[in-house]
Amino acid sequence: MTATSYVIPLPPQPSLPVVGDTKAYPVRRIWCVGRNYLEHIREMGNDERAPPFFFAKHADMLVGDGATVPYPPLTKDLHHEVELIVAMKSGGLNIPADKALEHVYGYAVGIDLTRRDLQIASRKKERPWEVGKSFDYSAPCSAIEPAAKIGHPSKGKIWLTVNGKETQKGDLTELIWSVPEIIWQLSQQVKLAAGDIIMTGTPAGVSQLHPGDKIECGVDGVGTLKVNIGEPEK
């Protein structure tokens, strides 16, 4: 079908900038890994022996560096979760861990914004997490650094500050599942493809956000990301 075949205007293609390139990276899907840092599992009171699992956000929930994120509706407990992001250049089903990095285009820094009160309520009712995790502006993300330039980071500080105070701090060495293992496990569940990005989990220190808060976060060797929390949309 051509663009003129659609009965409504074609929605914009979500994308992320690429460091050092005028071309953008088109985003197809956003996958997130739950419970992939031990201390975060402990602070949330979850079973540290249980394996991580996957959930999704919609690609049009991405926001870029420097954005102001409106405080979302329905919640009184918005939390930040800083994460290393993996951007895929190819994919497939059942990708072996020892071949997984061949499918990676690059890396970025992201924040999994979470309506914690709604997430916890859904969990207690054994309902999907979508209402707590997947909402407008819930996926701030930095520009992508190509792996051809920075390699494949497996160590380095991951951190986040709110109004200049450090709240989250960890190291990529603390990932329970490494990036190759994440890709291997996720590709058993879905067929990965170019344009898929994966948020790899958050370290301990998640905390509540309020309108007016200024967030800065980063991953050593990958980049930094700044966003502000604004007033609710009307």
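Our structure's up above, just so we're on the same page.
In this report, we go over the structure that sits alongside the text. The model shown is predicted, which means the values in this text are computed figures rather than measured ones.

Topic: the sheet that holds strand S10 (residues 114-115)
Consideration 1: What the three strands build is an open sheet, ordered S10-S7-S16; its pairing is antiparallel. Edge positions in the sheet fall to S10 and strand S16 (208-209), since each of these pairs with one other strand and no more.
Consideration 2: Across two bridges, strand S7 (residues 78-79) lies against S16 in antiparallel orientation. Each bridged residue has a counterpart across the sheet, and for Leu 78 the counterpart in S16 is Leu 209.

Brief notes about the pattern of salt bridges
Consideration 1: Using the criterion set out here, one finds eight salt bridges in the structure.
Consideration 2: Two residues, Glu 145 and Lys 149, come together in a salt bridge whose shortest N-O distance is 3.5 Å.
Consideration 3: Accessibility expressed as a relative area gives 12% for Glu 145, which makes it buried.
Consideration 4: The class for Lys 149 is exposed, based on a relative accessible area of 56%.
Consideration 5: A salt bridge links Lys 157 to Glu 166; the nearest nitrogen and oxygen atoms lie 3.0 Å apart.
Consideration 6: Under the relative-accessibility criterion, Lys 157 is labelled partly exposed at 29%.
Consideration 7: The exposure class assigned to Glu 166 is partly exposed, which follows from its relative accessible area of 37%.

With respect to the pairing of strand S17 (residues 214-219)
Consideration 1: Bridge analysis of strand S13 (residues 157-162) against S17 gives five bridges, and the strand direction is antiparallel. Pairing of Ile 158 across the sheet is with Val 219, part of S17.
Consideration 2: Inspection of the sheet shows S17 paired to strand S18 (residues 223-230) by six bridges, in the antiparallel sense. Bridged to Cys 217 within S18 is Leu 225.
Consideration 3: The antiparallel pairing of S17 with S18 creates a hairpin that spans three residues between the two strands, and Gly 221 there sits at a positive phi of about 85°.

Observations regarding the packing of aromatic side chains
Consideration 1: One pass over the full model with this rule turns up four aromatic pairs.
Consideration 2: Here Phe 54 and Trp 177 contribute two aromatic rings whose centre-to-centre distance is 6.1 Å and whose plane-to-plane angle is 45°, an arrangement assigned as tilted. Here Phe 54 is found in strand S4 (residues 53-57), whereas its partner Trp 177 is found in the loop between strand S14 (165-171) and helix H5 (179-189), with 123 residues between them in sequence. Across the pair, exposure class does not vary: Phe 54 and Trp 177 are buried alike.
Consideration 3: Feature note: the residues Phe 53, Phe 55 and Trp 129 constitute an aromatic cluster, connected by ring pairs.
Consideration 4: Lying across the ring of Phe 135, Lys 57 places its NZ or CZ 5.6 Å from the centre.

Scoring rules and cut-offs
- Residues numbered from 1 in each chain as written.
- Predicted model: local features only at pLDDT ≥ 70, side-chain atom pairs only at ≥ 80, totals over all residues.
- Heavy atoms only, no water.
- Pairing = 2+ DSSP bridges.
- Helix = DSSP H or I, 4+ residues; strand = E, 2+ residues; numbered from the N terminus.
- Salt bridge = Lys/Arg side-chain N within 4 Å of Asp/Glu carboxyl O.
- Buried < 20%, exposed > 50% of the residue type's maximum accessible area, 1.4 Å probe, protein only.
- Phe/Tyr/Trp six-rings, centres within 6.5 Å; stacked < 30°, edge-to-face > 60°.
- Lys NZ or Arg CZ within 6 Å of the ring centre and 35° of its normal.

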